[in-house]
Structures are given as structure tokens and as C-alpha cells.
Amino acid sequence: MKLQDIRQVLFGKTPSPEGRKRSVPDEVESHLARAKSCLQEGKFEESLVHSAMALQYRPENLIAWKLRGAALYELGRCSEAENCFSKVVSLRPDHAEGFYDLGRLLQMQKKYIEAANRLELAIELKPEFPEAHRLLGETLTNLGRYEEAEQSLLKVLNSESTLKDALSSLGKLYALRGRHPDAISCYRKLVSFDPSVAAKSGLAFELQQLCQWNELEMLASAIRRGISDEGDPVHPMHFVALPGTTAMEQRLVAEKWTKSRNTHLASIRENLGFAFEPRKGGKVRIGYLSVDFRDHPAARLLQDVIGLHDRKRYHVCGYSCTFHDLGAHRVGMEQDFDEFSKIGNLSAEEAARKIFADGIDILIDLAGHTSDTIGDIMALRPAKVQVSHLGFHGTSGADYIDFLIADEHLVPPWQLEYYSERLAFLPDSFMPAGGSSHLPSPSRRDWGLPENAFVFASFGRTYKITPQLFDVWCDLLRSVPDSVLWIAAEHREAQGNLLLEAQNRGIGKERIVFAKWLSSHHDHQTRLQCADLFLDTSPCNSSAACIESLWVGVPVVTVSGRTFASKTSGSELRALGIPELITHSLAEYRSLALELALQPERLASFRKKIAANRNTMPLFDTVRYTRNLEKACEWMLDEAL
């Protein structure tokens, strides 16, 4: 977000001083005009000179302090910029716009608590201040104060000047809270007001969450055609989930998104001036950066790896970038790190300074485009080597991410051009894997499943289900007598839409069983044993759900496509030594799943193979995975020299 209203400070035109002696007011107005024009032209140092000259004549001129603050921010001198905006409100404590400007600067620095305080003061001074209400709503969302954020944003929906941004912010808030019907309503209004590809991609992603597919093909075509258009960029997470996208398109979207978000951080990075000395021996310091050090698939899979790092050679630091309480699971993870820091309340600049001061050699981003906060920190380059891993299944498109951890199934040599990073290949799967031991034998009745049915299961996220994939699933139900489809769809609206889609395909509602959300991962893995065959999603694979199914001995049939996200389950199956379960089209996928469902002996042979390979093949060998990851870290450090 740019300080457009500060750059475009509105004051009357300066009367021409030609033909008369210039008075002090004339000098002030002349310097203010030059400071403003230089700011608009990107001549920030020159703008500072003129604002300083104006302040020499009029030390209490508010416009001069605002222009000076804006120029300092653009130069990455954030603390000085903050002082300028603070000066404005100290000179005019009743100046609502001054508190708004200060709040906006603090919000852009991710100083959300301070920003909220200043914005609340602005609103107290000027209750009818739509821009302040909207920005306060965004800030409170980042603080996890969702009810207050919603109220702030609802107040400005009748303001034409803030309608577009308010609808976008409210849609994001509702999506974050799982209120997908409300999010869809916001995005529909936004598209009618602003039919940009960014708005359409937000709408498409929310429709996918609820399996509302009627408009999906039309939206997907419009979004793919418009990814090079001017205007707000498409979120990479939305685009990766969209059916039919290519790896090259995904790179273009990621690069555009990253560039748009991080332009304002370039000057801050330059001003920080982090310099990295050559390593002089000693332990390699690895930093893991995440918003998900909690009961989350990535954290569960990675926890054993953190504990298994060779402490004679590596010092391992964890950085949690969230304001929220992450529960008991985080406590366990904290103990696995040599150092664990909660940096969610720090600005991006403050967090980067801390990571740099900690002397991190390799900084691993575990979120990617699933978290904008971490992207801002990584953009300031606090570590010599910066890596993307696990969280986002695709390229970052960022020049500050040096390496992406992958394997050769995910990214064959002919696809290297689709990634902005260099690839650090692990010899087996890119994913760590594990699960709970000593699982009890479950009863199907306890989980609402018919005792004698053949149970097809799919526990991926609902946005990963496409109408073409659901066609195949319903065809399998028609072809396999007494079979049911067991789906993890926690949203009531998604369940209703899937039942309607099944009915339209000739499948009765009794053939679809919805799995309830469970707070206990141990209980979830226990119930998974009730499945006969796991059906993977495509073009976004189920990834963690695939690993969980294989761990409990349930065979997985997957479709490998041509993008990173479409090949993760295939990577896991190869590492388990069962590439026979990988298909390359929906037709092959259907054929293999049908064969396994109708041939109990063949299905049983795969179950036996999974059980045998679990203890001998690389997928679940966490020690081996950790050693390979450490070798990759050493290689990346050597390559960075």
C-alpha cells in the first residue's frame, strides 16, 4: 500500500511570484510545491531538501512534515518517517488526518498494535472517517480481533471512496474465519464494482471452498487470460488451486504478486544494509520461519526433523510469526529448537534485524505465499541463503528466495525454467513423513460408515475437488456396488453442494459420508484405517492427507500433472516404492481405482507392500530425510559462496 493520500496532499496552487518580491509565505509555498513534485517523480532525496527548506521558514508546517515523512519512508528510513508523522500530531493533537497518516505508516511496517491505537484516535476525533475505519479493519484482522475488524469494515460499505478496498478486506476476513458464503457475497459485489482478475480470483477460490462449480470454468478462463493485465495482481495461492493452470503461468502470477507487494520494501532493505561475512567454521545456523508452529500438517511432519538435526554441526532456531496462541503443540515444538523466538508482534524490519543479529546462515520459509507476513521479512534478506520449503507448492517468484527444496519427480530438468529459484533436490521425497504409533483398531460403525461397504476416501481440502474429478468419483460409485465415498467437508454449504452434484450424477445421498472435524490427530489417523482406498485430488494433490493414509496402510491412487502441486503425492508414493499407484490422466486414475476396488486380492497386495515398505523405504525414514536435508543445506551454502 502506497501513501497516495500523503503524496497527493491537496493544497491550493501557489500564486506566481514572478514580477514581485518573494515573501516568506511565497518561499514556503515554493518549497512545498517542489517537495511535492519531487516526491511524485521519485526524487526522494531532493524532496527532503525542499521540505527541510520549508521547515526552516515554518517549523510547524504540517504539510512539510507530511511530505518529509513520505519521502523518508520511500527511502527506507522508517523510524525517521515515523518521527515526522508523530511531529504532525504533536503539533496538532486534534488533527484526525495526522493520526490516520501515522497509523497507516505503522500498519505498513506491521506494527499493528501501535497502528490500531493511532487509527482509533483518528476515528475518535473524526467519527465519519471511512478511510480510517477501513484501515483499522485491516489492522484488527492482522491482530486476530476479528469481530472488531468486521464492525469497522461494515461501517464503510456505503462510502464510495473506500468501497472497493473495504469489500476486498471484508472478503478476506470472512475467508480467514471460514465464513465462505459471506466471503462469496463480498467478492460478488466487488466483481460487479471492479471486474479485475484479482477480484475474480478471490471469488473463484471461495466458490471452490464450497464446491460451487457452475461459474468456475468461466472464471478460470477469464483469470488465465487476464494475468498479464495491469491492476491488482492475482494471489498465487488462488491461482495454483485453479484448474488448468500451467507451471509457467504460475510463475508469472507469483512474480507479479511478489513485485507488487515488495516494491516498497526494496528501499528498506537497502537502508538496512545487511552484509554477510564469509563463514569461519563452527556450527551452521539454520532458521525456520513459520506461522504454523501448532497442530498443523506441516508442523506435525517437520517436528521430528527439527529434533533430529545433528547438534554437533547445526544450531537450529525457530521463529513464530503469528499473534495468535498456537496451543499445546507449539510448546512441544519450542523444546525441539535450540532457540525459539515469537516475532509476530514485530514489524518486518524489526524481525529482519533480529534474524540477522542471530547470525542465521540459512533461513527456511515454511509458509511461502500462504503468509504475506513472512514474505515481507524474507524480502528484507536477513540471511545469506534463503529457502522456500513445504508451505507453498510452487515457485515464489521472488528474487530474495535463492532456493526451492524439491525432488526430481516434482521438477524434471525440462521444467527448471518455470521456477524463479534454483532447485535444491532431495534424493527421495521433498516431504518429511511420519505418524502416530500404536493406533487402535477402529469400528466403522463408530465413524458412521457401513460395515460391509467398499469405502473410497478423500480427506483433502474441498477447494481441491474439481467437477471433472467428482465425475470420476461418482462413476466409481456407480461401478462398485455397495460402495461409499467418505469425504472431509466440514462446511455445511460444501456438503449440501456435493450432495446436489452427486444427485445430478445419479448418486443418492446415502452413498456420500461426511467425516467430522476432529481436534485429535491421533483419532483422525485411527479412523483413516476404516478406508479401503484413498482417492487423491487433482490438480492440487492432498499431500499431507496422502502421507497420513499411507502411514495407516491405505493405498492411494493419484494423478500426477505438470505442476509442483499436482505431483506431491506421486513424490511420496515413489519414496515409498509404490510408483504403480501413480497415474497421468483422469482416465487412468479411474481405471486403476476401479481395478483395485473390484479386485480384493490386488488391493490386499498393495496393503502388504505398504506395510513392508514403511520400515524399509525412504518415505518414513525421518533420520534419512534429516541427513539429506542437511546435505542440501551444505550444498546451498557452498553454492552461495
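Just so it is clear, the structure is predicted and the values come from calculations on it, not from any experiment.

Visitor: Help me understand the overall build of the chain, please; the structure alone is not making it clear to me.
Guide: Looking only at helices and strands, one finds 27 helices and 13 strands in the chain. For a compact globule of 641 residues, the expected C-alpha radius of gyration is about 26 Å, and the chain comes in at 27 Å, within 12% of that figure. With the principal axes as the frame, the chain shows a C-alpha extent of 100 × 60 × 45 Å. Looking at the chain as a whole, 57% of its 641 residues are labelled buried. The contacts of the chain with a sequence gap of at least 6 include a subset with a gap of at least 24, amounting to 68%. Summed over all atoms, the accessible surface of the chain reaches about 26,800 Å², with 49% contributed by carbon and sulfur.

Visitor: Sorry, what's going on with the pattern of salt bridges here?
Guide: Charged atoms that come close allow side chains of opposite charge to pair. What the rule picks out here adds up to 41 salt bridges. A salt bridge links Glu46 to Arg34; the nearest nitrogen and oxygen atoms lie 2.9 Å apart. You can see Glu46 sitting in helix α3 (residues 44–57) and its partner Arg34 sitting in helix α2 (residues 24–40), a full twelve residues away along the chain.

Visitor: What should I look at first to understand unusual backbone geometry in this one?
Guide: A negative phi angle characterises most non-glycine residues, just as the trans form characterises most peptide bonds. For the peptide bond that leads from Ser538 to Pro539, omega is 10°, which places it in the cis range. Examined against the element boundaries, Pro539 turns out to sit in the loop between β11 (533–535) and α23 (544–551). The phi dihedral of Lys110 falls on the positive side, at around 70°, and the residue is not glycine. Classification of Lys110 by relative accessible area gives buried; the value is 14%. Of note in this structure, Asp482 is not a glycine but carries a positive phi near 55°. With respect to the helices, strands and loops of the structure, Asp482 is situated in the loop between α20 (467–479) and β9 (483–487). Asp482 sits in the exposed class, given a relative accessible area of 62%.

Visitor: I'm lost on the nonpolar core in this one. Help?
Guide: Buried together is how nonpolar side chains tend to be arranged in soluble globular proteins. Among the nonpolar cores identified, the biggest contains 127 residues, and Tyr288, Phe456, Phe470 and Trp486 are the most heavily contacted of them. Sorting elements by how many residues they give to this core places α20 first, with seven residues. Counting contributing residues per domain, this core is built from domain 1 (282–434 + 625–639) and domain 2 (448–619), each supplying no fewer than three. With residues up to four places along the chain from it excluded, the contact list for Phe456 reads Leu476, Leu477, Val480, Ser483, Val484, Leu485, Trp486, Leu533, Leu535, Ala593 and Ala597. Ranked by size, the runner-up nonpolar core spans 76 residues in total, among them Leu72, Leu75, Cys84 and Ile377.

Visitor: For this particular structure, what's the right way to read helix α21 (residues 492–504)?
Guide: Since the α-helix packs 3.6 residues into each turn, any two residues three or four apart lie on the same face. End to end, α21 covers 19 Å across 13 residues, agreeing with the expected 18 Å (1.5 Å per residue, within 8%). Buried within α21 we find Ala494, Asn497, Leu498, Glu501 and Ala502. Buried residues of α21, seen end-on, are gathered within an arc of 140° and therefore sit on one face of the element. In α21, the exposed positions that point more than 90 degrees away from the buried face belong to Arg492 and Gln503. In this structure, the buried side of α21 is in contact with α12 (197–209), α20, β9 and β10 (512–514). At the exit of α21 stands Gly506, carrying a positive phi of roughly 80°.

Visitor: Please explain the domain arrangement of the chain as it appears in this structure.
Guide: Interface size is commonly expressed as the accessible area that is lost once the parts come together. Along its sequence, the chain is carved into domain 1 (282–434 + 625–639) and domain 2 (448–619). A separation of 29 Å is found between the C-alpha centroids of domain 1 and domain 2. Of the residues lining the interface, 24 residues belong to domain 1; the matching set on domain 2 comes to 22 residues. Taken together, the two surfaces of domain 1 and domain 2 that pack against each other cover about 1,800 Å², and 65% of this comes from carbon and sulfur. If you sort the residues of domain 1 by the area they bury against domain 2, His393, His409 and Leu410 come out on top, with a joint share of 33%. There are one salt bridge connecting domain 1 and domain 2. With its nearest N and O atoms 3.4 Å apart, the salt bridge here joins Arg300 to Glu548. For the pair domain 1 and domain 2, the number of links is ten residue pairs in polar contact (both at pLDDT 80 or more). At the level of elements, α16 (297–308) and β6 (403–406) are the ones that each hand at least two residues to the side of domain 1 that touches domain 2. When its residues are assigned to classes, the side of domain 1 that touches domain 2 shows 14 nonpolar, six polar and four charged.

Procedures and definitions
Residue positions are given per chain, counted from 1 along the sequence in the order it is written. pLDDT decides what is reported in this predicted model: residues at 70 or higher carry local features, side-chain atom pairs at 80 or more are listed and counted, and totals for whole chains, interfaces and linings draw on all residues regardless. Only hydrogens and water are set aside when side-chain values are computed; all heavy atoms of the structure are taken into account. Helix numbers and strand numbers start at the N terminus; a helix is a DSSP run of H or I with at least 4 residues, a strand a run of E with at least 2. As a reference, a globule follows 2.2 Å times the number of residues to the power 0.38, and the radius of gyration itself is taken over C-alpha atoms. Burial here depends on accessible area, computed with a 1.4 Å probe over protein chains only, as a share of the maximum for the residue type. Under 20% is buried, over 50% is exposed, and the range in between is partly exposed. For this analysis, residues touch if any pair of their heavy atoms sits within 4.5 Å. Using the Shrake-Rupley algorithm and a 1.4 Å probe, accessible areas are obtained, with residue cover drawn only from the displayed protein chains. By convention in these notes, a salt bridge is any Lys or Arg side-chain nitrogen within 4 Å of a carboxyl oxygen on Asp or Glu. Residues belong to one nonpolar core when they are buried, are Ala, Val, Leu, Ile, Met, Phe, Trp, Tyr or Cys, and are joined through side-chain atoms within 4.5 Å. The domain boundaries here were taken from an automatic or database domain assignment. By definition here, a helix of n residues has an expected span of 1.5 Å times n minus one. This arc is built from the directions going out from the helix axis to the C-beta atoms. Throughout, the accessible surface (probe 1.4 Å) given up by two parts as they are put together, summed over both, is called the buried area. In the analysis that follows, any N or O atom pair within 3.5 Å is treated as a polar contact, provided that within protein one partner can donate a hydrogen and the other can accept it, and provided that, for residues neighboring in sequence, both atoms belong to side chains. Under this grouping Gly is polar, as are all residues other than the nonpolar Ala, Val, Leu, Ile, Met, Phe, Trp, Tyr, Cys and Pro and the charged Asp, Glu, Lys and Arg.

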